[in-house]
Amino acid sequence: MPKITTAILSVLATLTLAACSAGGLPSPEPPGTPTPTVPVTSVPTGPAASAPPEVTPQPTPRPTEVPGPPVASLGGGAAGPVAGELGTFFWGGLGSDSPWIVPTTHLAAAPGATLTVTLDPAGAPERWTAAWAPVRNGAAGGVDAVGEGEGSSVTLTAPGQPGSWGLLVEVHFPGGQRAAWYWSVVVAP
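Treat the numbers as computed from the prediction; the structure is a model and nothing was measured. (Residues numbered from 1 in each chain as written. Predicted model: local features only at pLDDT ≥ 70, side-chain atom pairs only at ≥ 80, totals over all residues. Heavy atoms only, no water.)

Engineer: Quick question: what am I supposed to make of the sheet that holds strand E2 (residues 82-83) here?
Structural biologist: Within a sheet, each strand pairs with its neighbour through backbone hydrogen bonds, oriented either parallel or antiparallel. Taken in spatial order, the four strands of this open sheet run E2-E1-E6-E10, and their pairing is antiparallel. The open sheet has two free edges, formed respectively by E2 and strand E10 (154-157), since each of these has just one partner strand. Inspection of the sheet shows strand E1 (residues 71-75) paired to E2 by two bridges, in the antiparallel sense. Looking at the pairing, Ser-73 lines up with Ala-83 of E2. (Pairing = 2+ DSSP bridges. Helix = DSSP H or I, 4+ residues; strand = E, 2+ residues; numbered from the N terminus.)

Below is the structure:
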């Protein structure tokens, strides 16, 4: 017997069994009694009969995100501001520790040029420190110069000697939060 015939017979047998177990044949009604109507429902057959109804997925709500340190950019070079690489930070109960990072992108600056770090979103730093280290073979060497300041203005001076330099700026914010950013600066006359 073909599968479709078997499926149809199976459905008919199930419906017949259900009708018989519902109480048998109806008792005769006295004349003039309205005949009740029975709603007719269609029973799907074929491949669509086994397909579940389509459900529209609901997006899963994301947990509340803890905002991290701001983005820091270094300006004062010929090409405009360059975003720093975030290193060690302690922010909103979270923290990370990193070694000295030497980014692959760099800012070109003249010897002794004034450089400025800007934060986005703008914060209210309490104090900051900066350290310069010469870059040799892609790695930062020993710290050559250190600077520091207080308040929201982070302004420093590029090294006076030409070459590749790594810059580390660590900014301390109210509430004990702090973050460090790294830049590569190429000093050329």
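Engineer: Mind showing me how you'd approach the packing of aromatic side chains here?
Structural biologist: One pair of aromatic rings is described through two measures. These are the centre distance and the angle between the planes. What the rule picks out here adds up to two aromatic pairs. Seen from their ring centres, Trp-91 and Phe-173 are 5.0 Å apart, and the 80° between their planes marks the pair as edge-to-face. Residue Trp-91 is found in strand E3 (residues 85-91), and its partner Phe-173 is found in the loop between strand E11 (163-172) and strand E12 (178-187); the two are separated by 82 residues along the sequence. Here the two residues Trp-91 and Phe-173 agree in accessibility, since each one is buried. (Phe/Tyr/Trp six-rings, centres within 6.5 Å; stacked < 30°, edge-to-face > 60°. Buried < 20%, exposed > 50% of the residue type's maximum accessible area, 1.4 Å probe, protein only.)

Engineer: Got a minute to help me understand the pairing of strand E6 (residues 114-120) in this structure?
Structural biologist: Two faces belong to every sheet, and in a regular strand the side chains alternate between them. Of the two faces of E6, only the one carrying Leu-115, Val-117 and Leu-119 is buried; Thr-114, Thr-116, Thr-118 and Asp-120 on the other face are not. As paired strands, E1 and E6 are joined by five bridges and run antiparallel to one another. Looking at the pairing, Ala-72 lines up with Leu-119 of E6. Sheet topology note: the E6/E10 ladder contains four bridges and is antiparallel. Each bridged residue has a counterpart across the sheet, and for Thr-116 the counterpart in E10 is Thr-155.

Engineer: What is the right way to read the nonpolar core from this model?
Structural biologist: General note: in soluble globular proteins, nonpolar side chains tend to be found buried as a group. If you look at the biggest cluster of nonpolar residues, it comprises 27 residues, and the most contacted ones within it are Val-117, Leu-156, Val-169 and Trp-183. When residues of this core are traced back to their parent elements, those giving at least two are E1, E3, strand E5 (106-109), E6, strand E7 (127-136), E10, E11 and E12. If you tally residues by element for this core, the top one is E12, at five residues. Every residue in contact with Val-169, bar those within four places of it in the chain, is listed here: Val-117, Thr-129, Ala-130, Val-154, Leu-156, Ala-179, Ala-180, Trp-181 and Trp-183. (Core = buried A, V, L, I, M, F, W, Y, C linked by side-chain atoms within 4.5 Å. Contact = heavy atoms within 4.5 Å.)

Engineer: Looking at this structure, how should I read the pairing of E7?
Structural biologist: Most of E7 is tucked away: seven of the ten residues are buried. Note that E7 and strand E9 (residues 145-150) share six bridges and pair antiparallel. Following the sheet pairing, Ala-130 is matched in E9 by Gly-147. In this sheet, E11 lies alongside E7 in antiparallel orientation, the contact comprising eight bridges. Counted as the bridge partner of Trp-132 is Leu-167 from E11. Of the strand pairs in this sheet, E7 and strand E8 (residues 139-140) are connected by two bridges, and their pairing is antiparallel. Residue pairing across strands places Arg-136 opposite Ala-139, the latter belonging to E8. Taking the residues that link successive antiparallel strands as the turn, the E7-E8 hairpin has two residues, and the phi of Asn-137 there is positive, at about 55°.

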